[in-house]
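# Structural features, examined
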Amino acid sequence: MAAPIRIPHQRGGRPVIVVLTPEEGPTLTARAAAASGRWLWKHRRTWAPTGLAVVLLVATGLVHLIEPRTAWFLAPLALAPVGVWAWITRRRPATSRTTRTWRALLAAAVTGAIGWVPVAIWFSPAHPAVDLAWALLTLSAQVAWVIARRLTTTVTKESR
């Protein structure tokens, strides 16, 4: 119900009456969505691997529906990270065992991630085994991303 508000007489005229109608606020769902959106936007760099993984999941699903034989053309690309790792190892050998280990683990992780794409296109990203592999790869990439960002932020702050 509208609540009239009376403003006292002004010079030489009739009183002004302003009628305010109560506006309903946003629903709880709209508030939660807005808060989630603000939080995701604020932390968008932190969630970059997960966003990329979701985009890849949708893209591979679409390509699987349109033309699953595309997987045969993308499958050889899965070996590219191992080739790059071998080339870097030959060009610039690592001085420490830790560096060699991290480079090998990075090459294996990227090979697994890139290898997931043709498998998902061929078998469908909704297949339980492919979906589980996607979840594990996404989780490991997200954790590695957060750790790497914290380490580089710490090093940058200390070097100043």
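A brief report on the enclosed structure follows. (Residues numbered from 1 in each chain as written. Predicted model: local features only at pLDDT ≥ 70, side-chain atom pairs only at ≥ 80, totals over all residues. Heavy atoms only, no water.)

## Some points on the layout of surface pockets
By volume, the largest pocket is sized at about 960 Å³. Lining the largest pocket are 29 residues, with L106, A109, V110, A141 and A144 positioned closest to its centre. Contributions of two or more residues to the lining of the largest pocket are made by helix 2 (48-66), helix 4 (80-91), helix 5 (97-123) and helix 6 (128-159). A per-class count over the lining of the largest pocket returns 26 nonpolar, 2 polar and 1 charged. (1 Å grid on protein atoms, 1.4 Å probe; cavity = no way out; pocket = protein on both sides within 12 Å on 5 of 7 lines; lining within 4 Å. Points joined across faces, edges and corners; volume = space filled by probe spheres on them. Helix = DSSP H or I, 4+ residues; strand = E, 2+ residues; numbered from the N terminus. Nonpolar A, V, L, I, M, F, W, Y, C, P; charged D, E, K, R; others polar.)

## Notes on the packing of helix 4 against helix 5
Packed helices, taken two at a time, are described by their axes: the angle between them and the distance between them. Running from amino to carboxyl end, helix 4 crosses helix 5 at an angle of 160°, the nearest separation of the two axes being 8 Å. As the angle between them shows, helix 4 and helix 5 are arranged roughly antiparallel. The interaxial crossing formed by helix 4 with helix 5 has right-handed handedness. For the pair helix 4 and helix 5, contact is made by P81, V82, W85 and I88 and by R103, A104, A107, V110, T111 and I114, respectively. Residues that form the contact of helix 4 with helix 5 fall into these classes: 8 nonpolar, 1 polar and 1 charged. (Axes fitted to C-alpha atoms, helices over the stretch in contact; angles between N-to-C directions. Parallel < 35°, antiparallel > 145°, perpendicular 65-115°, else oblique. Left-handed = near helix turned anticlockwise from the far one by under 90°. Contact = heavy atoms within 4.5 Å.)

## Here's the deal with the pattern of salt bridges
Under the criterion given, the structure shown has 1 salt bridge. The closest approach of N and O atoms between E67 and R69, which form a salt bridge, is 2.6 Å. Overall, the relative accessible area of 53% leaves R69 in the exposed class. (Salt bridge = Lys/Arg side-chain N within 4 Å of Asp/Glu carboxyl O. Buried < 20%, exposed > 50% of the residue type's maximum accessible area, 1.4 Å probe, protein only.)

## Looking at the nonpolar core
In terms of nonpolar packing, the biggest core is built from 8 residues, these being A53, A71, W116, V117, A120, I121, V130 and W134. Broken down by secondary-structure element, the contributors of at least two residues to this core are helix 5 and helix 6. Residues in contact with A120, not counting those within four places in the same chain, are T60, H64, P125 and V130. (Core = buried A, V, L, I, M, F, W, Y, C linked by side-chain atoms within 4.5 Å.)

## Points about the side chain of Q142
By the element assignment, Q142 lies in helix 6. For Q142, a relative accessible area of 9% translates into the label buried. Engagement of the side chain of Q142 in a polar contact is seen with the backbone oxygen of T46, the distance being 2.6 Å. If near-sequence neighbours (up to four positions away) are discounted, Q142 is found in contact with T46, W47, P49 and T50. (Polar contact = N/O pair within 3.5 Å; in protein donor to acceptor, adjacent residues only side chain to side chain.)

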